[in-house]
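# A look at the structure
The primary structure of each chain is shown beneath.
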Amino acid sequence: MHADDPRLRRLAVLDAVINNGDRKGGHLLPAPDGRLYAIDHGVTFNVEDRLRTLLWGWAGEPLTEEALGVLEALDASLDGGSPLAGRLAELITREEASAVRDRVRALRKSARHPEPAGNWPAIPWPPV
């Protein structure tokens, strides 16, 4: 994997949406067929900003058009009685779901990859 790999950039956006507090290098598994599997999402969906990741390479940079399109569709899917909103309601708290919507909307508004908040270590330990 290379830092310019678009799969990693997409994953950085996902991590920002789900507020991944534990994205380590060992949680990225490249497959022989070119797929990238991101595993271990146990520290996600926290209401408080806990984003900790090794994927800060795009911090502050504009989001791609692809990412903005996905975020727009996700924003629409998180409202009301959509199947996604219903499924999330079964799995996470109302506050956590609201925080997801807020993060999606903040990403759309800024149109930039987030930067470390400074109130929490930006990189999980150990990083591997």
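This text goes with the structure placed above it.
This section reports on the structure supplied with the text. (Residues numbered from 1 in each chain as written. Predicted model: local features only at pLDDT ≥ 70, side-chain atom pairs only at ≥ 80, totals over all residues. Heavy atoms only, no water.)

### So, the environment of Val104
Topologically, Val104 is positioned in helix H4 (residues 94–110). By relative accessible area, which is 0% here, Val104 ends up buried. Along the backbone, Val104 and Leu68 are 36 residues apart, and their C-alpha atoms lie at a distance of 9.7 Å. Those residues in contact with Val104, other than ones at most four positions away along the chain, are Val17, Leu71, Leu74, Asp75 and Leu78. (Helix = DSSP H or I, 4+ residues; strand = E, 2+ residues; numbered from the N terminus. Buried < 20%, exposed > 50% of the residue type's maximum accessible area, 1.4 Å probe, protein only. Contact = heavy atoms within 4.5 Å.)

### Thoughts on the packing of helix H2 (residues 65–77) against H4
Their axes nearest at 10 Å, the elements H2 and H4 cross at an angle of 140 degrees. With respect to the hand of their crossing, H2 and H4 are arranged in left-handed fashion. On H4, the residues touching Leu68, Leu71, Glu72, Leu74 and Asp75 of H2 are Val104, Arg105, Leu107 and Arg108. Broken down by class, the residue content of the contact of H2 with H4 amounts to 5 nonpolar, no polar and 4 charged. (Axes fitted to C-alpha atoms, helices over the stretch in contact; angles between N-to-C directions. Left-handed = near helix turned anticlockwise from the far one by under 90°. Nonpolar A, V, L, I, M, F, W, Y, C, P; charged D, E, K, R; others polar.)

### A few points about empty space enclosed by the protein
Any empty space left between the atoms is revealed when a probe the size of a water molecule rolls over them. Per the stated rule, a full pass over the model turns up 1 cavity of 30 Å³ or more. For the largest cavity, the full set of lining residues is Ala12, Asp15, Ala16, Leu51, Thr53, Leu55, Trp56, Trp58, Ala59, His113 and Pro114. Grouping the amino acids of the lining of the largest cavity by side-chain chemistry returns 8 nonpolar, 2 polar and 1 charged. (1 Å grid on protein atoms, 1.4 Å probe; cavity = no way out; pocket = protein on both sides within 12 Å on 5 of 7 lines; lining within 4 Å. Points joined across faces, edges and corners; volume = space filled by probe spheres on them.)

### Considerations on the nonpolar core
Residues Val17, Leu63, Leu71, Val100, Val104 and Leu107 are the most contacted members of the largest nonpolar core, which totals 16 residues. Contributing elements (two or more residues each) for this core: helix H1 (6–18), H2 and H4. (Core = buried A, V, L, I, M, F, W, Y, C linked by side-chain atoms within 4.5 Å.)

### As for the environment of His41
Along the chain, His41 turns up in the loop between strand S2 (36–38) and H2. Distance from His41 to Ala12, taken between C-alpha atoms, is 13 Å for residues 29 residues apart in sequence. Apart from the residues within four sequence positions on either side, His41 is in contact with Ile18, Asn20 and Arg23.

### Quick word on the pattern of salt bridges
Scanning the model with the defined rule gives 11 salt bridges in all. Across the pair Arg35 and Asp33 runs a salt bridge whose closest N-O atoms are separated by 3.4 Å. Of the charged contacts in the structure, one is a salt bridge between Arg50 and Glu48, with a shortest N-O distance of 3.2 Å. Several salt bridges share partner residues, and in doing so they unite Asp75, Asp79, Arg105 and Arg108 into one network. (Salt bridge = Lys/Arg side-chain N within 4 Å of Asp/Glu carboxyl O.)

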